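# Structure assessment
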Amino acid sequence: MSQDSKVKTTESSLPTPSKARKSLPVLDPSGDYYYWWLNTMVFPVMYNLIIIVCRACFPDLQHGYLVAWLVLDYTSDLLYLLDIVVHFHTGFLEQGILVVDKGRISSRYVRTWSFLLDLASLAPTDLAYMRLGPHTPMLRLNRFLRAPRLFEAFDRTETRTAYPNAFRITKLMLYIFVVIHWNSCLYFALSQYLGFGRDAWVYPDPALPGFERLRRQYLYSFYFSTLILTTVGDTPLPAREEEYLFMVGDFLLAVMGFATIMGSMSSVIYNMNTADAAFYPDHALVKKYMKLQHVNRRLERRVIDWYQHLQINKKMTNEVAILQHLPERLRAEVAVSVHLSTLSRVQIFQNCEASLLEELVLKLQPQTYSPGEYVCRKGDIGREMYIIREGQLAVVADDGVTQYAVLGAGLYFGEISIINIKGNMSGNRRTANIKSLGYSDLFCLSKEDLREVLSEYPQAQAVMEEKGREILLKMNKLDVNAEAAEIALQEATESRLQGLDQQLDDLQTKFARLLAELESSALKIAYRIERLEWQTREWPMPEEPAEANDEGGSGEGTSKGGENRAGQEGTPGPE
């Protein structure tokens, strides 16, 4: 294949503008458009689940509003048909990538059970109207097969709503209503089959005043069904086998429903308690501790007020623990969107790299201070800096009453104490008393966290030290001579360290040379020993002297070499 044909083949495989336009209608299954379409499908599915059974069991309801039912029926069928079209235009994930090729989407969809159920739910069973008449809504029971779409919409809403526990309770109540509704329709149909008013259990005779109305028929059936399924009221005793079977089935359903409701409510309550424990610290343990340790009532009251403030105003003090399960980059983006605007107000952090600020944001620790509580006192060693998020703090004298200044939201203090600036006359100690006037929300950044982040950004560290030096010069808190002496000492120390490093390198070089010579000498000695061993193997073996017989016998003692020679000459040895 020539180079031109290869280029043409490659160009033909690229998506053209027309192909790009065709791929636009493909929906992302996690996108907003798909989510809103699911919510739209809730209405036709719920309409069929509730109304079809009701129309089949209450003939007056079917006959009285036939035109309205036909319009609603075929409107829901149209939405069902559009839902199949949406399925053919909904992408899917393959190895984490959204597939937008309509051919692959279609082939995948038609091979699933969902496609078969969707087709079965749209089967034209209404054609039987021509023989059975339009007053047979039971022919549309196949529309119930689209119920999975309802469950999918509920699941998506539960993950998106800001109140998932309230939505779970609402969903549970809806399921309970549907079950009672179906049961009430079946009760009325069974009463009609057995005969209205035949006994006290069935629905009364519609000929009686008030019982002929459709509203009364449904409400009575719904009320009677609620009594059975909740087992909270006295119901008439059944008189026939059909009634007994109906009651037994309802009791079994009631037991299962009660267990389901209790389990769902317990799950909701547990999730709410778990969420509260994750967002807000548990004050019960602290209260118990203060009671056991006999803490004075005034201090105990302050602690309780602090916890109450957190609960009422939804203040969170453990954001790190809440976001710990998110991926690091996603956690950083969440923290940046929440706190970056606050951190960027700090003067020493202005004009810093965005990546540096992102890492610093993850180190911010929210803290809440009560009225009259000191954030820091003069003379304390500064180990962290503070950024005011909300509230007011006062710079006060040693008496705690005289105010020199008031700090509001967006201001900061203590930033110099977390940077080791040479010549700092305060010696990294606090120079003022800071007290909270009301409830104040602060962000705390410790020296260790800042040092850990700046270790990867030496240039930013130099810039921040320079800005801190300028601030100290304006405050007359920088000893230039001490700074110069410290810089000179540091340079001398660095020079000595460099000399020691050079000497260490020289010693390592000499040691490596001696080690190489030692290895070479050992190799030569091993070679010489091996040569000597080979030479000694060629030497003749010396004869051993004869040994006298201890019993005075004839001299038969010969060396082993002699015995070998005698054996070779054929001389028999002594018996």
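Residues numbered from 1 in each chain as written. Predicted model: local features only at pLDDT ≥ 70, side-chain atom pairs only at ≥ 80, totals over all residues. Heavy atoms only, no water.

An unreviewed UniProt entry annotates the protein chain as Cyclic nucleotide-gated channel alpha-4 originating from Hipposideros armiger. Annotation of the protein chain in UniProt includes, under Sequence similarities (unreviewed entry), the sentence "Belongs to the cyclic nucleotide-gated cation channel (TC 1.A.1.5) family. CNGA4 subfamily." Of the comments in the UniProt record for the protein chain, the one headed Subcellular location (unreviewed entry) reads "Cell projection, Cilium membrane". (UniProt positions renumbered as here; feature names shortened; annotations may be inferred.)

### Examining the pattern of salt bridges
A complete count under the given rule lists 21 salt bridges for this structure. For the salt bridge of Asp118 with Arg146, the shortest nitrogen-to-oxygen distance reads 3.2 Å. Remark: Arg146 occurs in the loop between α8 (129-132) and α9 (147-160) and Asp118 occurs in helix α7 (residues 113-121); sequence separation between them is 28 residues. Neither Asp118 nor Arg146 differs from the other in exposure class; each is buried. Note that Arg156 is salt-bridged to Glu152, the shortest N-O span being 3.8 Å. Remark: Glu152 and Arg156 occur in helix α9; sequence separation between them is four residues, near one turn of the helix. (Salt bridge = Lys/Arg side-chain N within 4 Å of Asp/Glu carboxyl O. Helix = DSSP H or I, 4+ residues; strand = E, 2+ residues; numbered from the N terminus. Buried < 20%, exposed > 50% of the residue type's maximum accessible area, 1.4 Å probe, protein only.)

### With respect to the pairing of strand β7 (residues 403-407)
The two faces of the sheet receive side chains in turn, since in a regular strand these alternate between them. Sheet topology note: the strand β6 (residues 393-396)/β7 ladder contains four bridges and is antiparallel. Of the residues in β7, the one forming a bridge with Leu393 is Leu407. Hairpin geometry of β6 and β7 is characterised by an intervening segment of six residues between the two adjacent antiparallel strands and by a positive phi of about 80 degrees at Gly400. (Pairing = 2+ DSSP bridges.)

### Details of a nonpolar patch on the surface
On the surface, a nonpolar cluster with roughly 330 Å² of combined accessible area is contributed by Leu78, Leu81, Leu82 and Val85. The residue Val85 is located in helix α5 (residues 66-88) in this model. (Patch = residues over 30% accessible without salt bridge, like charges linked within 9 Å, V, L, I, M, F, W, Y side chains within 5 Å. Areas by Shrake-Rupley, 256 points an atom, 1.4 Å probe, with all protein chains shown as cover.)

### Describing the side chain of Asp126
Locating Asp126 in the fold gives a position in the loop between α7 and α8. Not counting residues up to four positions away in its chain, the partners in contact with Asp126 are Tyr74, Arg140 and Arg143. (Contact = heavy atoms within 4.5 Å.)

### Focus: the environment of Pro366
Of note, Pro366 is situated in strand β3 (residues 365-369). C-alpha separation for the pair Pro366 and Ile388, spaced 22 residues apart in sequence, amounts to 9.9 Å.

### Considerations on the packing of aromatic side chains
According to the stated counting rule, one finds 27 aromatic pairs in the structure shown. Considering the side-chain rings of Tyr187 and Phe224, the 4.5 Å spacing of their centres and the 20 degrees angle between planes classify their relative orientation as stacked. Placement of Tyr187 in helix α10 (residues 164-194) and of Phe224 in helix α11 (residues 214-230) is noted, with a sequence separation of 37 residues between them. Looking at Tyr187, the relative accessible area reads 1%, which means it is buried. With a centroid separation of 6.5 Å and 80 degrees between ring planes, the pair formed by Tyr369 and Tyr386 is classed as edge-to-face. Within this pair, whereas Tyr369 is found in strand β3, its partner Tyr386 is found in strand β5 (residues 384-390), the two being separated by 17 residues in sequence. For Tyr386, a relative accessible area of 4% puts it in the buried group. In this structure, Arg108 is placed above the aromatic ring of Phe92, and the distance from its NZ or CZ to the ring centre is 4.3 Å. Seen from the ring of Tyr80, Arg146 lies directly overhead, with NZ or CZ sitting 4.4 Å from the centre. (Phe/Tyr/Trp six-rings, centres within 6.5 Å; stacked < 30°, edge-to-face > 60°. Lys NZ or Arg CZ within 6 Å of the ring centre and 35° of its normal.)

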